[in-house]
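Breakdown of the fold
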Amino acid sequence: MSTKTPLTKRAMIDKANASIVLLVSVAAFVSVFSLVATKTLFSQIQYQQRVISKKQDAARQLEKNVQNAEKLRTSYEAFTGATTNVIGGIKVGDSAKDGDNAKIILDALPSNYDFPALATNLETLVSQQAKLTSITGIDDEVVQSSNATSGTPQPIEMPFQLTAEGNYDQIKNLIIATESSIRPIQHSVVEITGGQANLVLNLTANTYYQPAKTIDYKSEVVR
Amino acid sequence: MVQFNLLPDVKLNFIKTRRQKHTITTISFLMMAVCVGLLLLSFMVANVVQKQILKKADNDIKSRTQTLREVPDINKVLTVQSQLKTLPGLHDKKQVTSRVFGYLTQVTPSQISLNKLSLDYTVSTLSVTGTSPTIDIVRVYADTLKRTTFQIKGAEGSNKAFSEVVLSNFGKSDTTGTTFTLTMKFNEQLFNPTNEVTLVVPANAGASQSSIFEEKR
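This text gives an overview of the structure that appears in the document. (Residues numbered from 1 in each chain as written. Chains lettered and ligands numbered in written order. Predicted model: local features only at pLDDT ≥ 70, side-chain atom pairs only at ≥ 80, totals over all residues. Heavy atoms only, no water.)

1. With respect to the packing of aromatic side chains
Under the defined criterion, the tally for this structure stands at 9 aromatic pairs over all chains. The interplanar angle of 85° and the centroid separation of 5.1 Å between the aromatic rings of F186 of chain B and F191 of chain B together place this pair among those described as edge-to-face. Linked through ring pairs, Y103, Y121, F186 and F191 of chain B together constitute an aromatic cluster. A cation over a ring is seen here: R69 of chain B above Y217 of chain A, with NZ or CZ 4.2 Å from the ring centre. (Phe/Tyr/Trp six-rings, centres within 6.5 Å; stacked < 30°, edge-to-face > 60°. Lys NZ or Arg CZ within 6 Å of the ring centre and 35° of its normal.)

2. Things to note about the packing of helix α2 (residues 101-108) of chain A against helix α2 (residues 74-93) of chain B
Packed helices, taken two at a time, are described by the angle between their axes plus the distance between the axes. Packing of α2 of chain A against α2 of chain B leaves a shortest axis separation of 9 Å and a crossing angle of 55°. It follows that α2 of chain A is oblique to α2 of chain B by the angle criterion. Every pair of crossing elements has a handedness; the one defined by α2 of chain A and α2 of chain B is left-handed. Residues A102, I105, L106 and A108 of chain A of α2 of chain A form the contact with α2 of chain B, whose own contacting residues are K76, T79, V80, Q83, L84 and L87 of chain B. Counted by class, the contact of α2 of chain A with α2 of chain B contains 7 nonpolar, 2 polar and 1 charged residues. (Axes fitted to C-alpha atoms, helices over the stretch in contact; angles between N-to-C directions. Helix = DSSP H or I, 4+ residues; strand = E, 2+ residues; numbered from the N terminus. Parallel < 35°, antiparallel > 145°, perpendicular 65-115°, else oblique. Left-handed = near helix turned anticlockwise from the far one by under 90°. Contact = heavy atoms within 4.5 Å. Nonpolar A, V, L, I, M, F, W, Y, C, P; charged D, E, K, R; others polar.)

3. Some remarks on the pattern of salt bridges
Summed over the entire model, instances satisfying the criterion amount to 10 salt bridges over all chains. A salt bridge links K54 of chain A to E220 of chain A; the nearest nitrogen and oxygen atoms lie 3.5 Å apart. Pair noted here: K54 of chain A is in helix α1 (residues 4-81) and E220 of chain A is in the segment after β6 (212-213), with a separation of 166 residues, a long-range link. Classification of K54 of chain A by relative accessible area gives partly exposed; the value is 43%. Close ionic contact of D136 of chain B with R139 of chain B constitutes a salt bridge, the shortest N to O distance being 3.0 Å. Here D136 of chain B pairs with R139 of chain B, and both are found in helix α4 (residues 135-147), just 3 residues apart, close to one helical turn. (Salt bridge = Lys/Arg side-chain N within 4 Å of Asp/Glu carboxyl O. Buried < 20%, exposed > 50% of the residue type's maximum accessible area, 1.4 Å probe, protein only.)

As structure tokens, this is what we get:
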């Protein structure tokens, strides 16, 4: 009996030590596994939070846009509903100055590239003042068709050259007419030759068009 | 006094080991509970809470986008608004070329007739070609151009209107008199539509003509 007791106690100590090792091993494994999984989930949480933040921003922006669209539509109706337009013409009429304000604005800065229409406008403008000899330019419609619409449109130059003949007053009035045209015409080179009664004007200038604005719905990749 | 330890070593070791086991077990379970708790919490946040928020945001975006699409003529309205916003800037950028007639009338001596005027805004140069009875009048003309200044309404001081005035071409014959070409750089402010410009011409310019181009051609 006296020899058995120490042996049992030793065996119990060994067993306890083995249990401790096993417990520590299991605890370490579970803890490490949990921490690694938590770290992965934490990265996922951070990423999802960025996505949530962007989506909430987008939703808020859309809410503002919906409210502003209604206001804008009301203002637009008031703008186009005016009986006299911004250049003094009437809303319903056939003369060059007539038309609603939206039409006047789109005549001044068209939303599509149309060189033949520009040539017609210039012909009308010049013919009222002097004798038009030529209008030249490059019809770039095929290239410009890629700019048909944009979320952030910018004005695009449409260069042209025109030659006209007339007396001093006619040429002077023609230049004034190009300056006061509702369509912005920016002169690059102006050359006037001849005498007081018969001057020839060679004008190199740019006018503009600006692609139509559309609501630009786009997706964004969040990293 | 002498004390005797009646407990054998093995018994002491056993008690110590049992105490150790208890402490380690407690710590291990606590640690596991914390770690598993964190794991479960993260799982819930990532896969339940955030998924719900994302779903709600997606639905909001979809419904508001649809509402916006349904606003009648919205693209036309936006286009007109965009053009309206751009137009003043484009009009402010264009030059007032017609001012050149007034400027030349003020600075060109009455005996001089011009037959060519060239204005190049890309390099800010002005070139005039004409005829004059004498070379001396051409010299006066060039001198006038060099000394001409301008003032902008509302601004203090004056600036030179023309610089680098050069007699680039010159000829003399009995039939046509003196022919000349003067080239110069002009100050861009002279043709800026936002400025109200007043030319200050030297007193001896001798410019009193209404027509600057040749009467007969």
